[in-house]
Amino acid sequence: MKILLLCKKFPYPLKDGESIAVHTLSSALSDLGCEVSLLAMNTSKHFYKSNTYPPEASHFKTIRTVAVDNQLKASAAFFNLFSDESYHISRFVSPAFDRTLAEMLQAENYDIVQLETLYLAPYIPTIKAKSQALISMRAHNVEHEIWERITSHTTNGLKRWYLRHLTKKLRRFETQALHHYDILLPITERDLRYFRNLGSQTPAVVTPIGISAEKFVQAEPIHYKTPSISFIGSLDWMPNLEGLEWFIQRVWPMILKEFPQIELHIAGRNTPKSLLQLKKTNIFVHGEVPDSAAFINQHPMMIVPLLSGSGMRAKILEGMALGKAVISTSIGLEGISATHREDVLIANTPDQYVENLRYALASEQRLSEIGQQAQRFVCEAYESLNIANRVMEAYTNHLVETV
């Protein structure tokens, strides 16, 4: 089976959920015998500078990248107010990318073209014109829902109106695009239900972010002298930054009052200056770290204080696979069917964060047991080869039906 992946950014290094999701599924499909190629935008926001591709990408038969300027521009954003087009989507429309896609489709007979996120949907007409390939949409999130949640937390009246206007157009585009896919691969069951409610009748396979159990099960236990919490996530993604700032302002003072020795360690790609210059008691900001697993492993607990967003958090899976006690909001945990106070700890308010820390830190044995159970849960439920097998079966069945 020949599969062409289209990505809105080059999915390396593996420092964010989208990149991890692309890598784990594509490498697992390759392990199962598929011939997988990659066409990715090399965007101004996530520009890949190296002249060589990383060894993690060696499973791709072919890799092509196209430079795309997707920077936010004030003039384009203003004139978009008078257009029916979604500004979120239009930033990823590139004639050069379209030409390269057409060339690849004419040079190779792909069975599947897999779109990684909604932002590749504008290229469906080219795919249909240049090939007979089935079109698969890997929906990492319900994109307009993220912006609906962000808008609901925006207090500035003018900004709130503008975001609502943009989100309405994004919702319309996302809803209409649902009727142009042959197969839908939502990240979570919850997202699949959402898409069904929007009118999608496309065959679908829930395709969560996977992990390779072998990579994590041998993680050795670490003894911690000082109780500490980690946060790691791309801080140029608005929901991550929004949630972290809420945690620092609203939750951290209450935690310190009860646990004065506890530390919070923050790491993330594109950390803003406001955080790098932060001076708060027992908060340490590390910026981008070279190895996320090594950073997570230095701390027994991990927080995911998301207030908005959609889809699934790869860092939760990584933290659980490394045997950490993860404390997350319900939104952060969407798509992960873990059980409160067995595999994970759920906290949606400052009081609940304090309560769950009190529970986890009651004894060293309890903290260890939560981490061990988390590791067992995630390695059983999210093994990447099992997920890829389900996707391959769906692709094979659909290809047979169309012959």
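Residues numbered from 1 in each chain as written. Predicted model: local features only at pLDDT ≥ 70, side-chain atom pairs only at ≥ 80, totals over all residues. Heavy atoms only, no water.

### Thoughts on the overall build of the protein chain
Thinking step 1. Summing up its helical and strand segments, the protein chain has 16 helices and 12 strands in all.
Thinking step 2. C-alpha extents for the protein chain along the principal axes are approximately 65 × 50 × 45 Å.
Thinking step 3. Going through the 403 residues of the protein chain one by one, you find that 57% of them count as buried.
Thinking step 4. For the protein chain, contacts bridging at least 24 residues in sequence account for 71% of all contacts bridging at least 6.
Thinking step 5. Accessible area for the protein chain stands at about 18,100 Å²; split by element, carbon and sulfur atoms hold 51% of it.
Thinking step 6. Side-chain charges in the protein chain split into 41 positive and 41 negative, and the spacing between the mean points of these groups amounts to 7 Å. (Helix = DSSP H or I, 4+ residues; strand = E, 2+ residues; numbered from the N terminus. Buried < 20%, exposed > 50% of the residue type's maximum accessible area, 1.4 Å probe, protein only. Contact = heavy atoms within 4.5 Å. Areas by Shrake-Rupley, 256 points an atom, 1.4 Å probe, with all protein chains shown as cover. Lys, Arg positive; Asp, Glu negative; His and termini not counted. Charge placed at Lys NZ, Arg CZ, Asp CG, Glu CD.)

### Thoughts on the pattern of salt bridges
Thinking step 1. Using the criterion set out here, one finds 18 salt bridges in the structure.
Thinking step 2. With a closest N to O distance of 3.0 Å, Arg149 and Glu334 form a salt bridge. Highlighted residues: Arg149 in helix α6 (residues 143–152) and Glu334 in the loop between β11 (325–328) and β12 (345–346), separated in sequence by 185 residues.
Thinking step 3. Here Arg190 and Asp191 are joined by a salt bridge, their closest N and O atoms 3.3 Å apart. (Salt bridge = Lys/Arg side-chain N within 4 Å of Asp/Glu carboxyl O.)

### Here's the deal with the pairing of strand β1 (residues 2–7)
Thinking step 1. Summarising burial for β1: five of the six residues are buried, a large majority.
Thinking step 2. Two strands pair when backbone bridges link them, and β1 and strand β2 (residues 35–43) are joined in this way by six bridges, in the parallel orientation. Of the residues in β2, the one forming a bridge with Lys2 is Glu35.
Thinking step 3. For the crossover from β1 across helix α1 (residues 17–31) to β2, the handedness is right-handed.
Thinking step 4. Note: β1 against strand β4 (residues 112–116), five bridges, orientation parallel. (Pairing = 2+ DSSP bridges. Right-handed = clockwise from strand over helix to strand, strands pointing away.)

### Topic: the nonpolar core
Thinking step 1. With 41 residues, the main nonpolar core has Leu4, Leu6, Leu115 and Tyr181 as its most contacted residues.
Thinking step 2. When residues in this core are grouped by element, the largest group, four residues, is from helix α4 (residues 95–107).
Thinking step 3. Leaving out residues up to four positions away in the same chain, Leu115 has contacts with Leu6, Leu120, Ala121, Ile124, Ile127, Ile135, Ser136, Met137, Arg138 and Tyr181. (Core = buried A, V, L, I, M, F, W, Y, C linked by side-chain atoms within 4.5 Å.)

### Things to note about the environment of Glu103
Thinking step 1. Positionally, Glu103 belongs in helix α4.
Thinking step 2. With 273 residues separating them along the chain, Glu103 and Arg376 place their C-alpha atoms 45 Å apart.

### A word on the packing of aromatic side chains
Thinking step 1. In the structure shown here, the tally under the stated rule is nine aromatic pairs.
Thinking step 2. Aromatic pair Phe10 and Tyr53: ring centres 5.4 Å apart, planes at 35°, arrangement tilted. Here Tyr53 lies in the loop between β2 and β3 (63–68) and Phe10 lies in the loop between β1 and α1, a separation of 43 residues in the sequence.
Thinking step 3. Classification of Tyr53 by relative accessible area gives partly exposed; the value is 38%. (Phe/Tyr/Trp six-rings, centres within 6.5 Å; stacked < 30°, edge-to-face > 60°.)

### Focus on the sheet that holds β4
Thinking step 1. A sheet is described by the order of its strands in space; here six strands give the open sequence β3-β2-β1-β4-β5-β6, paired in parallel fashion. Two strands close off the open sheet at either side, each with one partner strand: β3 and β6 (183–186). Here the average twist between neighbouring strands, direction ignored, is 20°.
Thinking step 2. On top of the sheet, α4 reaches β1, β2, β3 and β4; it is set at about 165° to β2, its chief contact. (Axes fitted to C-alpha atoms, helices over the stretch in contact; angles between N-to-C directions.)

### What about the packing of helix α10 (residues 238–258) against helix α14 (residues 350–360)?
Thinking step 1. Orientation of α10 relative to α14, taken along the N-to-C sense of each, is 45°, at an axis distance of 9 Å. Relative to α14, the element α10 is oriented oblique. Considering how the two elements wind past one another, α10 and α14 form a crossing that is right-handed. Residues Trp246, Phe247, Arg250, Val251, Met254, Ile255 and Glu258 of α10 pack against Pro350, Asp351, Tyr353, Val354, Leu357 and Arg358 of α14.
Thinking step 2. Class assignment for the residues of the contact of α10 with α14 results in nine nonpolar, no polar and four charged. (Parallel < 35°, antiparallel > 145°, perpendicular 65-115°, else oblique. Left-handed = near helix turned anticlockwise from the far one by under 90°. Nonpolar A, V, L, I, M, F, W, Y, C, P; charged D, E, K, R; others polar.)

### Looking at the packing of α6 against helix α7 (residues 157–177)
Thinking step 1. Closest axis-to-axis distance for the α6/α7 pair is 9 Å, and the angle between their directions is 165°. In terms of orientation, α6 and α7 fall into the roughly antiparallel class. For α6 against α7, the interelement crossing comes out left-handed. Mapping the contact onto sequence places Glu143, His144, Trp147, Glu148, Ile150, Thr151 and Ser152 in α6 and Arg160, Leu163, Arg164, Thr167, Leu170, Arg171 and Glu174 in α7.
Thinking step 2. Counted by class, the contact of α6 with α7 contains four nonpolar, four polar and six charged residues.

### Remarks on the pairing of β11
Thinking step 1. Residue alternation in β11 divides its side chains into two sets, Ala325 and Ile327 and Val326 and Ser328, and both sets are buried.
Thinking step 2. Bridging between strand β10 (residues 301–304) and β11 involves four bridges; their strand directions are parallel. Looking across to β11, one finds that Met301 is bridged to Ala325.
Thinking step 3. Pairing analysis gives two bridges linking β11 to β12, with the strands arranged parallel. Residue Ile327 lies in a different strand from β12, and its bridge partner there is Leu345.

### Quick look at the sheet that holds strand β7 (residues 228–232)
Thinking step 1. Taken in spatial order, the six strands make up an open sheet running β9-β8-β7-β10-β11-β12, and their pairing is parallel. Two strands in the sheet have a free side with no partner beyond their single neighbour: β9 (283–285) and β12.
Thinking step 2. Against the sheet, α10 makes contact with β7, β8 (263–267), β9 and β10, and its axis sits at roughly 165° relative to β8, the strand it touches most.

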